[in-house]
Amino acid sequence: MRRLALIALMAGPAFGSEDIPDQYPGSVLYAKPVEVAPGVFSAIGATAPPTYENAGHNNNLSFIVTGDGVVVINSGASFLLAKALHEEIRAVTDQPVRLVIVENGQGHAMLGNGYWAAQGVPVLAHVDAAEEFADGNGQDLASLKSYARENAEGTVPTAPTEVFEDRREIVMGELSIEVLHLGPAHSPGDTQVWLPDQGLMIAGDIAFHERMPPIFEGTCTSCWIETWETAFMPLAPALVIPGHGHPTDLATVTHETRDYLADLRAKIGAHLEAGGDLAGAYYVDQSQWAYLDTFEELATKNAGVVFAEMEFE
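Just so we're clear, the structure is a prediction, and the values are computed from it rather than from any experiment.

Undergrad: Break down the environment of alanine 152 for me, citing the residues and quoting the values.
TA: Secondary-structure assignment places alanine 152 in the loop between helix H4 (127-148) and strand E7 (162-164). Take alanine 152: its relative accessible area is 6%, and that puts it in the buried class. Sequence separation of alanine 152 and alanine 207 is 55 residues, and the distance between their C-alpha atoms is 27 Å. In contact with alanine 152, not counting residues within four places along its chain, are Leu144 and Lys145.

Right, dumping it as structure tokens:
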């Protein structure tokens, strides 16, 4: 089965909107996991920033039922989110969780590591993501406690137990799973989980859908575009589970990620050519992207970061 059909996930923007505070009131998870492809489930996080209402579940927490165990993608933003995801896995299958893969070094991918470590489950991360988490987990935990309050209980920053550099190939049950670092993108050690036989990519934060990508200081946007065009697109996934937003096709995430980055770089480049300064860069026209959630929070910030990046390129 090389080409996958989307399974009931091509919902309109309102379904993934940051205006919806909680889609699963019976759980600390923002949304109940749904089967997006045979044996592949994802709990789609809010497209809002982390809040008390979403308990920090604003990224996608996925798992793969292989026939010989379960592979989880992302520990989640807290001990309780990891535990809640595990409860959902147990409702789906009796197979044990054999591996957790984290997509980057941010708190919402790794702060749940401690739960999985307590279950004896290995946690795999890219070496650069592990280093980023080691440097920033104190701040990540302080932020979690600030917004999540009682939902931060039990969370203890815990390092991954295994690291990789370029790729790790896993055969489990009847599935071949490739854990990839395709190149520089959103943050250090961005990791993709590729199921080549199914044409399914659990992309992590190289890919965004329904919300604006945040651009961090130190992010190389030209590198992100190059990784997209030379390593990500050639794989031609039929279905992409992005780091944020609902599963969709390659064309959609290309438009809302690669095309957004290219458009912002073009606007900032023209501003620089005209002798523009940082103050003016905040006002470059990004109105065509106003339909994306977090536009109000991120558009001007992104413009300032890209101006600083491109000023001396």
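Undergrad: Residue-level account of H4, with values.
TA: At glycine 136, H4 shows its strongest bend, of approximately 60°. Among the residues of H4, Ala129, Ala130, Phe133, Gly136, Asn137, Leu141, Leu144, Tyr147 and Ala148 are the ones counted as buried. For H4, the elements touching its buried residues are helix H2 (107-110), helix H3 (113-118), strand E6 (123-126) and E7. The first or second residue beyond H4 is arginine 149, which carries a positive phi of 55°.

Undergrad: For the pattern of salt bridges, give the residues involved together with the corresponding values.
TA: Within this structure, the stated rule accounts for ten salt bridges. Notably, a salt bridge pairs glutamate 162 with arginine 168, separated by 3.2 Å at the nearest N-O pair. We classify arginine 168 as partly exposed; its relative accessible area is 28%. In this structure, a network of salt bridges that share partners links the residues Arg167, Glu169 and Glu178.

Undergrad: So what about unusual backbone geometry? Which residues, and what values?
TA: Here the phi dihedral of alanine 55 falls at roughly 55°; this positive angle occurs in a residue that is not glycine. Its place among the elements puts alanine 55 in the loop between strand E2 (40-43) and strand E3 (61-65). A positive phi angle, near 75°, is found at glutamate 210, a position not held by glycine. Mapped onto the elements of the fold, glutamate 210 is located in the loop between strand E11 (200-208) and helix H5 (221-232).

Undergrad: Tell me about the packing of H5 against helix H6 (residues 250-273), residues and numbers included.
TA: Between H5 and H6, the least distance of the axes is 9 Å, while the angle of their chain directions is 150°. The interaxial crossing formed by H5 with H6 has left-handed handedness. Every residue of H6 that contacts H5 at Thr221, Ser222, Trp224, Ile225, Trp228, Glu229 and Phe232 is listed here: Leu250, Val253, Thr254, Thr257, Arg258, Leu261, Ala262 and Arg265. Class assignment for the residues of the contact of H5 with H6 results in eight nonpolar, four polar and three charged.

Undergrad: If you had to explain the packing of aromatic side chains to someone new, which residues and values would you point to?
TA: The tally for this structure, following the rule as stated, stands at six aromatic pairs. Consider the rings of phenylalanine 79 and tyrosine 115, whose centres lie 5.3 Å apart with planes at 80°: the pair is edge-to-face. Taken together, the positions of phenylalanine 79 in helix H1 (residues 79-92) and tyrosine 115 in helix H3 put the pair 36 residues apart, joining distant regions of the chain. Judged by relative accessible area, which is 24%, phenylalanine 79 ranks as partly exposed. With a relative accessible area of 5%, tyrosine 115 lands in the buried category. Considering the side-chain rings of tryptophan 228 and phenylalanine 232, the 4.6 Å spacing of their centres and the 55° angle between planes classify their relative orientation as tilted. One end of the pair is tryptophan 228 and the other is phenylalanine 232, both in helix H5 and four residues apart, which spans about a single turn. The aromatic ring of tyrosine 52 is capped on one face by arginine 149, whose charged end is 3.7 Å from the ring centroid.

Undergrad: With reference to specific residues and values, describe the pairing of E6.
TA: Where burial is concerned, the two faces of E6 agree: the one with Val123 and Ala125 and the one with Leu124 and His126 are both buried. Here E6 pairs with E7 via three bridges, running parallel. What sits directly across from histidine 126, in E7, is phenylalanine 164. Tracing the backbone out of E6, into H4 and back to the parallel element E7 gives a crossover that is right-handed.

Undergrad: Can you break down the confidence of the model for the chain residue by residue, with the values?
TA: Per-residue confidence for the chain gives a mean pLDDT of 94, with 94% of residues at or over 70. Ignoring residues within four places in sequence, the model shows residues 5-14, a span with pLDDT below 50, making 17 contacts including any to other chains.

Here is what the cut-offs are and how they apply
Residues numbered from 1 in each chain as written. Predicted model: local features only at pLDDT ≥ 70, side-chain atom pairs only at ≥ 80, totals over all residues. Heavy atoms only, no water. Helix = DSSP H or I, 4+ residues; strand = E, 2+ residues; numbered from the N terminus. Buried < 20%, exposed > 50% of the residue type's maximum accessible area, 1.4 Å probe, protein only. Contact = heavy atoms within 4.5 Å. Bend = angle between axes of the 7 residues up to and from the residue. Salt bridge = Lys/Arg side-chain N within 4 Å of Asp/Glu carboxyl O. Axes fitted to C-alpha atoms, helices over the stretch in contact; angles between N-to-C directions. Left-handed = near helix turned anticlockwise from the far one by under 90°. Nonpolar A, V, L, I, M, F, W, Y, C, P; charged D, E, K, R; others polar. Phe/Tyr/Trp six-rings, centres within 6.5 Å; stacked < 30°, edge-to-face > 60°. Lys NZ or Arg CZ within 6 Å of the ring centre and 35° of its normal. Pairing = 2+ DSSP bridges. Right-handed = clockwise from strand over helix to strand, strands pointing away. pLDDT = per-residue confidence, 0-100.

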